[in-house]
Amino acid sequence: MIIFVRVFTALMVLYTLFFYIRVKTCISLIKKHKNNKEKLINCNKKMIIAIPALREQKCIEETIKYFRQITPDIPIIIVTTQKEVRENIKNDVLTQDIVRNNILPNYDNIYLIDYPYTEGYMADQLNYMIENIKEKIDIENTYLILYNADSRPSKNTFNEIKHKINEGYKVIQQYSYCMKNYDELSGILKGFSIYQSNFELKTGLINTLLNSKLLYTHVVGHGLIIDMKTLNELGNFNTKFWCEDIYLGLQLKFNNIKITPLLELENVETPNTLSNLIKQNSVWFKTTSQFWQIYKDIVKNYKVKSKFNGLIGCLNEFRCAINWLGFPIILFTSIFITLILKDYIALIGIILGYLFYISVNTIMTIKVINILDDKNYKVNIKTIFNVAIATAIYNQIKLI
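Residues numbered from 1 in each chain as written. Predicted model: local features only at pLDDT ≥ 70, side-chain atom pairs only at ≥ 80, totals over all residues. Heavy atoms only, no water.

S.K.: When you look at the state of the cysteines in this model, what are you seeing that I'm missing?
M.R.: Each disulfide is one covalent bond, formed between the sulfur atoms of two cysteines. Taken as a whole and assessed by the stated rule, the structure comprises zero disulfides. Between cysteine 243, a cysteine without a disulfide, and cysteine 320, which holds the nearest cysteine sulfur, the sulfur-to-sulfur distance is 11 Å. Here cysteine 243 falls in the buried class, since its relative accessible area comes to 6%. (Disulfide = S-S within 2.5 Å. Buried < 20%, exposed > 50% of the residue type's maximum accessible area, 1.4 Å probe, protein only.)

Okay, here's the thing in structure tokens:
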């Protein structure tokens, strides 16, 4: 059994070094970009921003105000849903009412589409919107840009989007880190915010920058920029599985469509309570764990260019699910084995290996954030401790 512990420790250290090399490679690419800032340009395609909204009364006005400050000319469609009406047992002011009364009269080029059904998810809202506008726009020359009702993309985001569109990329993704409310969080939730930021930047920004078919990559619903013709050919947004973005990411693999990352980040909030964190992660984990059902559904219902690449994508989803669930279990099992066998050298080795893994992941993640978003986050012993605890119990958060 002690061989198992030593192999696990060695693999953890090797993976940490592999991650470090990937990040250093990407930082060199990022610095090259930062030293050659792109000039303001016009876009050779049309763009539409879509913001799906459900119970967003508190933030929708400020969000529209913010978007109009950083991009005054791109049309914005706010997509509400009758689900909010059905759930409004207290007779509160609805998001729809705020949009009609406070937003539409005060801004040009902003529109409201209300999804007329009381069931369904964000993907249903977006598909309904697409059906309602497809006769009014030039699908062949229009990009759809998705954001949440509380999104705050950085001020240079849309200029970089224009550059990427002019370069001909069909799918562009702005990735996020999860530290917008970092100073307000408790220690363990601060650890989770860095853990999640590491995942988003590692499997999102870094892996897509390296452009390898073997690495796990993904798209995210907020910050997604996609050519509407491409989206239409993929059947628009999936409504069978909870996370439409995981499904879309696999469709892109099946069809050899590259995900191009923006180097402008969005800073989003981490759930400020453990219960909200549990709810969020259960949704992500459920869809990720359904990788084989998704594979079969795509092969059955859509034309695909490469089943092999699709299989690689699904295997990466499987690996991701196993890692999410299995890493903490193997870690604690290894520690338990060393204690049972009283092999304290192996115990020290696995603890040091784990701290090395946590330290490198945390330091490099914060370094990327500081470079890309001009921040000055610091890493100290307390930070490492919080991330170590969060990582060690993350599987329990997904299973509760």
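Let us keep going from here.
S.K.: How do you make sense of a negative patch on the surface when you look at a structure like this?
M.R.: Together, Asp150, Asp183, Glu184 and Glu269 give the surface a local cluster of negative charge. Counting through the fold element by element, aspartate 150 comes out in the loop between β4 (142–146) and α6 (157–166). (Patch = residues over 30% accessible without salt bridge, like charges linked within 9 Å, V, L, I, M, F, W, Y side chains within 5 Å. Areas by Shrake-Rupley, 256 points an atom, 1.4 Å probe, with all protein chains shown as cover. Salt bridge = Lys/Arg side-chain N within 4 Å of Asp/Glu carboxyl O. Lys, Arg positive; Asp, Glu negative; His and termini not counted. Charge placed at Lys NZ, Arg CZ, Asp CG, Glu CD. Helix = DSSP H or I, 4+ residues; strand = E, 2+ residues; numbered from the N terminus.)

S.K.: Before we go on, may I ask you to explain the side chain of serine 151 in this structure?
M.R.: The topology assignment puts serine 151 in the loop between β4 and α6. From its side chain, serine 151 meets the backbone nitrogen of asparagine 148 in a polar contact 2.8 Å long. Polar contacts involving the side chain of serine 151 include one to the side chain of glutamate 266, which spans 3.3 Å. Residue contacts for serine 151: discarding those within four places in its chain leaves Thr63, Phe67, His222 and Glu266. (Polar contact = N/O pair within 3.5 Å; in protein donor to acceptor, adjacent residues only side chain to side chain. Contact = heavy atoms within 4.5 Å.)

S.K.: In this structure, what is going on with the side chain of asparagine 386? I would like to understand it.
M.R.: Mapping asparagine 386 onto the fold places it in helix α14 (residues 381–392). Accessibility expressed as a relative area gives 11% for asparagine 386, which makes it buried. In contact with asparagine 386, other than residues within four places in its own chain, are Gly187, Ile188, Lys190 and Gly191.

S.K.: What am I meant to see in the sheet that holds strand β7 (residues 224–227) here?
M.R.: Consider a sheet: its strands pair through backbone hydrogen bonds, and that pairing is either parallel or antiparallel. Taken in spatial order, the seven strands of this open sheet run β3-β2-β1-β4-β7-β5-β8, and their pairing is mixed. On the outer flanks of this sheet lie β3 (110–115) and β8 (259–261), each paired with one strand and no other. Here the strands of the sheet are splayed against their neighbours by 25° on average, with no regard to which way each runs. Strand contacts of helix α5 (residues 122–133): β1 (46–52), β2 (76–81), β3 and β4, with the helix running at about 120° to β3, the strand carrying the most contacts. (Pairing = 2+ DSSP bridges. Axes fitted to C-alpha atoms, helices over the stretch in contact; angles between N-to-C directions.)

S.K.: Help me understand the pattern of salt bridges in this model?
M.R.: Under the criterion given, the structure shown has seven salt bridges. The residue arginine 55 makes a salt bridge to glutamate 87 at a minimum N-O spacing of 2.3 Å. Linking arginine 55 in the loop between β1 and α2 (60–70) with glutamate 87 in helix α3 (residues 83–87), this pair joins segments that are 32 residues apart in sequence. On the basis of relative accessibility, which here comes to 32%, the residue glutamate 87 falls in the partly exposed class. Here arginine 86 ties to glutamate 87 by a salt bridge, and the two come within 3.7 Å at their closest N and O atoms. Classification of arginine 86 as partly exposed rests on a relative accessible area of 40%. If you follow the salt bridges from partner to partner, you end up with Arg55, Arg86, Glu87 and Glu119 in one network.

None of the figures reported here should be taken as evidence of function without further support.
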